[in-house]
Amino acid sequence: MKPSILEYIVCPTCRSDFKLLTKSKLKNEIKEGTLICVKCKDKFKITKGIPRFVVDVTKDFVRTEMAFSAKWKNHHKNHHAKDWVNWQKNWFLERFDWKSIGQFNTFLKSQNFILDAGTGIGNSAKMLSTNKSSTVFALDASDSVDFAYKKYGTSSNIHFIQADIRQLPFRKTFFDYIFSDQVLHHTKNTSTSFKYLTKFLAKSGFISIYVYNKKAPIREYVDDYIRKRTVKMSVRECTEFSKDMAYLGQALSKLKKKITIPRDIPLLGVKAGT
Ligand SMILES: C[S@@+](CC[C@H](N)C(=O)[O-])C[C@H]1O[C@@H](n2cnc3c(N)ncnc32)[C@H](O)[C@@H]1O
Ligand SMILES: [Zn+2]
């Protein structure tokens, strides 16, 4: 944690400043310590170089975060690989309708304070930090921030934080740009979480989000059926089940068959076509 973060973060409970107690330091990074709110006296730990603000311990949230922590623990290496990062960058440009990375970087030049809400292993935070005079806050509730910090922690203008995007340690209207890619639909209420994030935007600030599309009823019905069971599985069981599904998908795609649906079926959300 860079000491300069203290100029920007506040207590997520009462939004007052923090006092820092440093336990260990490495060069200019606080590795271990405690943040104490000067007003309500709430305490938050700094461990392995990251301030930890996750205080919501409701069952649902913990399960989501455990699943993500396990995913990133097993897959952070291939998600940090060059070819994956490049693929991700191109997919980002396509989805957010940027003509080129140059055009996006020009946009970033006018954004001072940037929040990457749900950074995962930090690739997006790196992409958002191109303009060295801006400050990026990369935040995730899961242990993915540890992998993000290990990979990109030496970037001078990125701060890594473990926190819930629904309980931010910042003042309202602080950010010029908030980016949240494939995150909001993982919270209990996507719409409430989105509205909460917008409160942290400056008056003429920008927010970019990407959430998964609601699928046709049959697909949603099958998803609900599967989810009801997979949430009770261990990570290993769930990974094995996911492999089974991937093999099934591969086998089906090998059929290379097309079908033509002659008429729309509105009740099922199915459109006519091939
Ligand atoms: C599908 S991943 C996307 C990661 C990254 N944005 C990307 O595009 O690669 C979703 C991430 O959202 C994080 N997340 C889910 N709910 C969250 C919450 N309430 N607060 C902070 N992060 C959350 C998860 O821990 C996970 O790392
Ligand atoms: Zn406080």
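In what follows, the accompanying structure is described. A quick note: this is a predicted structure, and the numbers were derived from the prediction, not measured.

About the cut-offs
Residues numbered from 1 in each chain as written. Chains lettered and ligands numbered in written order. Predicted model: local features only at pLDDT ≥ 70, side-chain atom pairs only at ≥ 80, totals over all residues. Heavy atoms only, no water. Donors = N, O, S within 2.8 Å, 3.2 Å for Na, K, Ca; no water. Tetrahedral: all angles 85-135°; square planar, octahedral: opposite > 155°, others 65-115°. Helix = DSSP H or I, 4+ residues; strand = E, 2+ residues; numbered from the N terminus. Phe/Tyr/Trp six-rings, centres within 6.5 Å; stacked < 30°, edge-to-face > 60°. Buried < 20%, exposed > 50% of the residue type's maximum accessible area, 1.4 Å probe, protein only. Lys NZ or Arg CZ within 6 Å of the ring centre and 35° of its normal.

### Details of the coordination of the zinc ion (ligand 2)
On the protein side, the zinc ion (ligand 2) has Cys11 (SG), Cys14 (SG), Cys37 (SG) and Cys40 (SG) as donor atoms, found 2.2 to 2.4 Å from it. One can describe the donor arrangement at the zinc ion (ligand 2) as tetrahedral, given that its four donor atoms subtend angles of 96 to 118° at the metal. Within one chain, the residues donating to the zinc ion (ligand 2) are spaced in sequence as C-x2-C-x22-C-x2-C. In this pair, Cys14 is assigned in the segment before β1 (18-26) and Cys40 in the loop between β2 (29-37) and β3 (43-47), connecting sequence segments 26 residues apart.

### Some words on the packing of aromatic side chains
By the definition in use, this model includes 30 aromatic pairs. Geometrically, the ring pair formed by Phe18 and Phe44 is edge-to-face, given 5.9 Å between the ring centres and 75° between the ring planes. Taken as a pair, Phe18 in strand β1 and Phe44 in strand β3 lie far apart in primary sequence, 26 residues in all. Neither Phe18 nor Phe44 differs from the other in exposure class; each is buried. Lying over the aromatic face of Tyr210, Arg95 brings its terminal NZ or CZ to 4.3 Å of the ring centre.

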